[in-house]
Amino acid sequence: MTTSSTGFDKWDLEEPISSAIRERGWTEPTEIQVESVPHARKGRDIVGQARTGSGKTAAFGIPILEKCKVSGKIQAIILCPTRELAVQVSEELSILQGKKGLAIQTVYGGTDLEKQAKKLNEGTDIVVGTPGRVIDMSKRGHLNLETVSLFCLDEADRMLDMGFFPDVLWIFEKTVNRSQTLLFSATFPEEVLDAAEEFLRDPVHVMSEDLVVEVPEIDQYAVRVGRANKLWALGRIIGNAGDDSQILIFSNTKRMVDLIVERLGKFRFNSVGLHGDMPQNKREKILNSFRDGSEKIVVATDVAARGLDVDGITHVINYDLPDDTEVYVHRIGRTGRMGRRGESWSFVSGKEVQSIDRICSTWGLTIPFVEPPSLPAGVERDFVPRRDDWEEVSDAFGMVCVRMSLGGSEKTRREIVDWIVSEARIPEIAIGETYMDSESLIVEIHVEKVAYVIDVIKGRKMDGVSLNPEIVNA
Ligand code: ADP
Ligand code: MG
């Protein structure tokens, strides 16, 4: 038997690191790693773009780990947008360094500052942190940025946007002995690249043709459903997902996250919420149980879930669509990682149709509108009952079109409308335009009255004719 040299072996990495990679069971570097590691080892600045889940952490992590020595002086700083991400990156680096023995410290807000300060003071080789706390630590004299030679931004698109930019720049300017800058991200919008100029010296841009396709290849579906029935559709998806699945549900607000968790619970679906208001240790606990598979359904905001690396996620659900088209790509990238199968479902209410159109045109996607999955075999009743959702079928003036079949009645439209108004005892103003053809009359009825009118008319006959009122979908 012959042993062939793998991609990693070819690089002839430092012993502890190559052993760690082998033990981890990685055989080949991913594309972004192939493209960037050799340049980074040579000391070049890098702008690396690759989709979520493509192994960017090791792409900057391997060269950083190789370049740092066990010295107790901070030689590398890696900035991340969230605490979760910082923890995740530092965990990955700790594994990848194997027995090298570098002190890797995580520095982030929301937890005991003194404890982190103490650890830093005990000697640190690599810092992974969020900008706010790094600045704080540096101002308090616990974190000396002057010894840093490697400066790295993970999720650089986010680090260089308006919110973080001043903090990141502050830290950057304090790293006066910096010799190399590494920026990695799933996307590099034009403004971010412009902002990045300040940080870079003759960088290698690793954005090969292949990597420009940032949208993960997973099955993407959209479901046309109003607010009132999103939970019903969610019930269908969860009910069909199977026991091995792990589902990540995104909502735009913390309040909605809590609401979804609570309402799912009412229908006996166990789920757990994840958002920025929760204490750090609780969030980490939830993440760990999601990672080890004991938690199956997590409902999260974007902030809490950004950069999350849970390999087993089979379904991503956009309970609300994000306002930002890029966020969509980040969200769905949580599934289908490392070539696994994944699917995403986006719930699109009338108001959100524009957002899904924008997402499709920005990324060149066709996301088909489908019905939610049908009930699994043997299940008779919906997990979450479907409700009437008049908001969804009403127009901007609150009018809903209802079709009445005429069944050969000779009445004029005026007479029919008068009959409806008097039977249902509604004010005339609740009726809008009418449209008549040979078989039916379409009547606009105000959303506040429509359910009631339909109920009344269903139970009565007009000169022996049933009008069979029916909603006309917009
Ligand atoms: P990104 O930052 O690009 O979203 P990550 O660095 O989080 O991606 O990596 C995604 C997953 O792929 C992680 O679970 C990581 O451990 C794994 N991974 C990274 N590189 C390799 C590799 N060469 N072979 C196998 N798995 C890898
Ligand atoms: Mg990452």
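The rules behind each value
- Sequence order as written defines residue numbering, which begins from 1 separately in each chain.
- By the order in which they are written, chains take letters starting at A while ligands take numbers starting at 1.
- Only residues with pLDDT of at least 70 get local features here, since the model is predicted, and only at 80 or more are side-chain atom pairs given and counted; chain-wide, interface and lining totals rely on the full set of residues.
- Side-chain figures throughout are based on the complete set of non-hydrogen atoms in the structure, without hydrogens or water.
- Here, strands pair whenever DSSP counts at least two bridges between them.
- Only runs of H or I of at least four residues qualify as helices and only runs of E of at least two qualify as strands under DSSP, and these elements are numbered from the N terminus.
- A contact between two residues is defined here by any heavy atoms of the two lying within 4.5 Å.
- In this analysis an axis means a line fitted to C-alpha atoms, helices contributing only their contacting stretch, and an angle means the value between N-to-C directions, from 0 to 180 degrees.
- Nonpolar side chains (Val, Leu, Ile, Met, Phe, Trp, Tyr) within 5 Å and like charges within 9 Å form the patches, drawn only from residues with over 30% relative accessible area and no salt bridge.
- For every accessible area listed, the method is Shrake-Rupley and the probe measures 1.4 Å; residues are considered covered only by the protein chains on display.
- The salt bridge criterion pairs a side-chain nitrogen of Lys or Arg with a carboxyl oxygen of Asp or Glu, the two atoms within 4 Å.
- Charge convention: Lys and Arg are scored as positive, Asp and Glu as negative, and His as well as the terminal groups of each chain are ignored.
- Where a charge lies is defined by one atom per residue type, namely NZ (Lys), CZ (Arg), CG (Asp) and CD (Glu).
- Relative accessibility under 20% of the residue-type maximum defines a buried residue, over 50% an exposed one, and the middle range a partly exposed one, all with a 1.4 Å probe and only protein chains included.
- Working definition of a nonpolar core: buried Ala, Val, Leu, Ile, Met, Phe, Trp, Tyr and Cys residues. They are joined through side-chain atoms within 4.5 Å.
- This arc is built from the directions going out from the helix axis to the C-beta atoms.
- Note that the domain bounds reflect an automated or database-derived domain assignment.
- By definition here, a helix of n residues has an expected span of 1.5 Å times n minus one.

Undergrad: It is not clear to me how the sheet that holds strand 15 (residues 431-436) should be interpreted in this structure. Could you clarify?
TA: Working definition: the strands of a sheet are paired by backbone hydrogen bonds and lie parallel or antiparallel to each other. Read across the sheet, 4 strands follow the order 15-16-14-17 without closing on themselves; strand pairing throughout is antiparallel. Where the open sheet ends on each side, the last strands, each with one partner, are strand 15 and strand 17 (470-471). Bridging between strand 14 (residues 399-405) and strand 16 (residues 440-446) involves 7 bridges; their strand directions are antiparallel. Residue R403 lies in a different strand from strand 16, and its bridge partner there is I442. Along the sheet face, helix 19 (residues 413-424) touches strand 14, strand 15 and strand 16 and points at about 140° away from the line of strand 15. Sitting on the sheet, helix 20 (residues 447-458) is in contact with strand 14, strand 16 and strand 17, with an inclination near 135° to strand 16.

Undergrad: I keep staring at a negative patch on the surface and nothing clicks. Help me out?
TA: Taken together, the side chains of E190, E191, D194 and E197 present a region of like negative charge at the surface. Structurally, E190 can be placed in helix 10 (residues 190-196). Judged by its relative accessible area of 54%, E190 falls in the exposed class.

Undergrad: Would you explain the nonpolar core in this entry?
TA: Side chains of a nonpolar character, in soluble globular proteins, are inclined to be buried together. In this structure, I62, I64, I78, I126 and V128 are the most contacted members of the largest nonpolar core, which totals 35 residues. Ignoring anything within four residues of it in the chain, the contact list for V128 reads I78, C80, A86, V89, S90, L93, I104, Q105, T106 and V107. I74, F151, F164 and L193 belong to the second largest nonpolar core, which has 34 residues in total.

Undergrad: Looking at this model, I keep getting lost on helix 3 (residues 31-41). Mind explaining?
TA: In an α-helix, one turn spans 3.6 residues, which is why side chains three or four residues apart end up on the same side. Burial in helix 3 covers these residues: I32, Q33, S36, V37 and A40. The buried residues of helix 3 occupy an angular sector of 110° when the element is viewed end-on, so they sit on one face. Count one or two residues on from helix 3 and you reach G43, which has phi positive near 95°.

Undergrad: Is there a simple way to explain the pattern of salt bridges in this structure?
TA: When the charged atoms of two side chains with opposite charge come close together, those side chains can pair. Applying the stated criterion to the full structure yields 17 salt bridges. The salt bridge involving K230 is made with E352; its shortest N-O contact spans 3.0 Å. Of this pair, K230 sits in helix 12 (residues 230-241) while E352 sits in the loop between strand 13 (343-348) and helix 17 (353-363), and the two are 122 residues apart along the sequence. Take K230 and E352: they sit in the same class, and that class is buried. Between R331 and D302 there is a salt bridge, with the nearest N and O atoms lying 2.7 Å from each other. In this pair, R331 sits in helix 16 (residues 325-332) while D302 sits in helix 15 (residues 302-305), placing the two residues 29 residues apart along the sequence. The network of salt bridges with shared partners includes K230, D320 and E352.

Undergrad: Please clarify how the sheet that holds strand 2 (residues 76-79) should be interpreted in this entry.
TA: The 7 strands are arranged 3-4-2-5-6-1-7 in an open sheet whose pairing can be described as parallel. Strand pairing shows two members of the sheet lacking a second neighbour, strand 3 (104-107) and strand 7 (204-206), which therefore form its edges. Put simply, the sheet's adjacent strands are angled 15° from each other on average, direction ignored. Looking at chain direction, strand 1 (residues 46-49) and strand 7 are connected through 3 bridges and run parallel. Note that in strand 7 the partner of V47 across the bridge is H205.

Undergrad: Just checking my understanding: could you explain the domain arrangement of the protein chain for this structure?
TA: A common way to report how large an interface is uses the accessible area buried once the components associate. For the protein chain, the assigned domains read domain 1 (8-207), domain 2 (219-363) and domain 3 (393-472). Computed over C-alpha atoms, the centres of domain 2 and domain 3 are 40 Å apart.

Undergrad: Hey, could you run me through helix 12 in this one?
TA: Relative to the 16 Å expected for 12 residues at 1.5 Å per residue, helix 12 spans 16 Å between its end C-alpha atoms, a close match to the ideal helical length. Of all 12 residues in helix 12, 10 are buried, a share of seventy percent or more. For helix 12, every residue scored as buried is listed here: K230, L231, W232, A233, L234, G235, R236, I237, I238 and A241. Each element contacted by the buried residues of helix 12 is listed here: strand 9 (247-250), helix 13 (254-266), strand 11 (297-300), strand 12 (315-318) and strand 13. Trailing helix 12 by a residue or two, G242 shows a phi angle of about 90°, which is positive.

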